[in-house]
Amino acid sequence: MKNLRKLVFLSLLVSLGLALSILESFMPIPFIAPGAKLGLSNMVVLITLVVFGFKEALVVGILKSILFSLATGSISSLFYSLSGAILSCITMYIVYSYFPNIYSLIGVSIFGAVAHNIAQVSVASLMMKNLKIFSYLPVLLLTSLFTGYFVGLSSIFISKNLKKNFPNNCDTSRI
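Keep in mind that what you see is a predicted model, and the values were worked out from it rather than measured. (Residues numbered from 1 in each chain as written. Predicted model: local features only at pLDDT ≥ 70, side-chain atom pairs only at ≥ 80, totals over all residues. Heavy atoms only, no water.)

## Focus: the overall build of the protein chain
Helix and strand content of the protein chain: six helices and zero strands. What you see in the protein chain, going N to C, is helices and strands ordered as α-α-α-α-α-α. Here the protein chain holds 175 residues, and 45% of them are scored as buried. In the protein chain, of all internal contacts separated by at least 6 residues, the share reaching a separation of at least 24 is 69%. Accessible surface, the protein chain: about 9600 Å² in total, of which carbon and sulfur atoms supply 71%. (Helix = DSSP H or I, 4+ residues; strand = E, 2+ residues; numbered from the N terminus. Buried < 20%, exposed > 50% of the residue type's maximum accessible area, 1.4 Å probe, protein only. Contact = heavy atoms within 4.5 Å. Areas by Shrake-Rupley, 256 points an atom, 1.4 Å probe, with all protein chains shown as cover.)

Pasting the structure below:
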């Protein structure tokens, strides 16, 4: 029964990540950086990392990316989303696991946002066979500081409240 509850909750997290991704794709954000987003769906991956662990967070991130690509019909977005989700998840896991005394979830989220942008710009550079795309990276990295802060702050609040439902899984001493 415990595994079924976990599976259902992870399925809900994937669904929530997909819904946030779709909602976010419709939101016009008046940023200096075209294409920059808040990264609301990355909040789901960070919360999954905190509550369940790396393997589950990676699965949620990958499934969210694949389902978003299927829902929107954009295959090219799959490469951007998948690479960003994988590198972001790995980076957040490393920072969360090995530097818990230095970085809060806000710091973990900022590192994840930076990794996400680096992965997406790298994929764009490979797909277009043009290294000049990296000149756009500093603008995206600057916006990732703000979006990562927002996602991290929201994740702290949500993770503390999830402690009530999954007290054995959630290590709230590091939140």
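So much for the structure itself; the text now carries on.
## Some points on the environment of S76
With respect to the secondary-structure elements, S76 resides in helix α4 (residues 75-98). Under the relative-accessibility criterion, S76 is labelled partly exposed at 35%. Considering only alpha carbons, one finds S76 and M127, 51 residues apart in sequence, at a separation of 9.3 Å.

## Thoughts on the packing of helix α2 (residues 40-51) against helix α3 (residues 54-72)
Packing of α2 against α3 brings their axes to within 7 Å, and their N-to-C directions diverge by 160 degrees. One way to sum up the angle between α2 and α3 is to call them roughly antiparallel. Where α2 crosses over α3, the two elements pack in a sense that is right-handed. Where α2 abuts α3, its residues S41, N42, V44, V45, T48 and L49 lie against F54, E56, A57, V60, G61 and K64. Class assignment for the residues of the contact of α2 with α3 results in six nonpolar, four polar and two charged. (Axes fitted to C-alpha atoms, helices over the stretch in contact; angles between N-to-C directions. Parallel < 35°, antiparallel > 145°, perpendicular 65-115°, else oblique. Left-handed = near helix turned anticlockwise from the far one by under 90°. Nonpolar A, V, L, I, M, F, W, Y, C, P; charged D, E, K, R; others polar.)

## Some words on a nonpolar patch on the surface
Residues I86, I90, I94, Y98, F99, I102, Y103 and F111 make up a contiguous nonpolar surface patch of about 710 Å² in total accessible area. If one sorts the elements of the nonpolar patch by residue count, α4 sits on top with four residues. Following the sequence through the fold, Y98 ends up in helix α4. You can call Y98 exposed: its relative accessible area is 55%. (Patch = residues over 30% accessible without salt bridge, like charges linked within 9 Å, V, L, I, M, F, W, Y side chains within 5 Å. Salt bridge = Lys/Arg side-chain N within 4 Å of Asp/Glu carboxyl O.)

## Some points on empty space enclosed by the protein
Rolled over the atoms, a probe with the dimensions of a water molecule shows which regions are left empty. Within the structure shown, the criterion is met by one cavity of 30 Å³ or more. The volume enclosed by the largest cavity comes to roughly 30 Å³. Every residue lining the largest cavity is listed: N42, V45, G84, A85, S88, C89 and M92. Mapped onto the lining of the largest cavity, the elements with two or more residues apiece are α2 and α4. Tallied by class, residues from the lining of the largest cavity come to four nonpolar, three polar and no charged. (1 Å grid on protein atoms, 1.4 Å probe; cavity = no way out; pocket = protein on both sides within 12 Å on 5 of 7 lines; lining within 4 Å. Points joined across faces, edges and corners; volume = space filled by probe spheres on them.)

## Quick notes on the packing of aromatic side chains
Across all of its chains, the model carries five aromatic pairs by this definition. Relative to F52, the ring of F9 has its centre 5.8 Å away and its plane inclined at 50 degrees; by these criteria the two rings are tilted. Here F9, found in helix α1 (residues 2-26), pairs with F52, found in the loop between α2 and α3; they are 43 residues apart in sequence, far enough to count as distant. Under the relative-accessibility criterion, F9 is labelled buried at 17%. Classification of F52 by relative accessible area gives buried; the value is 11%. Here Y103 and F111 contribute two aromatic rings whose centre-to-centre distance is 5.0 Å and whose plane-to-plane angle is 75 degrees, an arrangement assigned as edge-to-face. Among the residues examined, Y103 registers a relative accessible area of 31% and is labelled partly exposed. The rings of F54, Y93 and Y98 are connected pair by pair, giving a single aromatic cluster. (Phe/Tyr/Trp six-rings, centres within 6.5 Å; stacked < 30°, edge-to-face > 60°.)

## A short note on the pattern of salt bridges
Tallied over the full model, the rule gives one salt bridge. A salt bridge links E56 to K6; its shortest N-O distance comes to 2.8 Å. Of this pair, E56 sits in helix α3 while K6 is found in helix α1, placing the two residues 50 residues apart along the sequence. Residue classification places E56 among the buried positions, given a relative accessible area of 15%.

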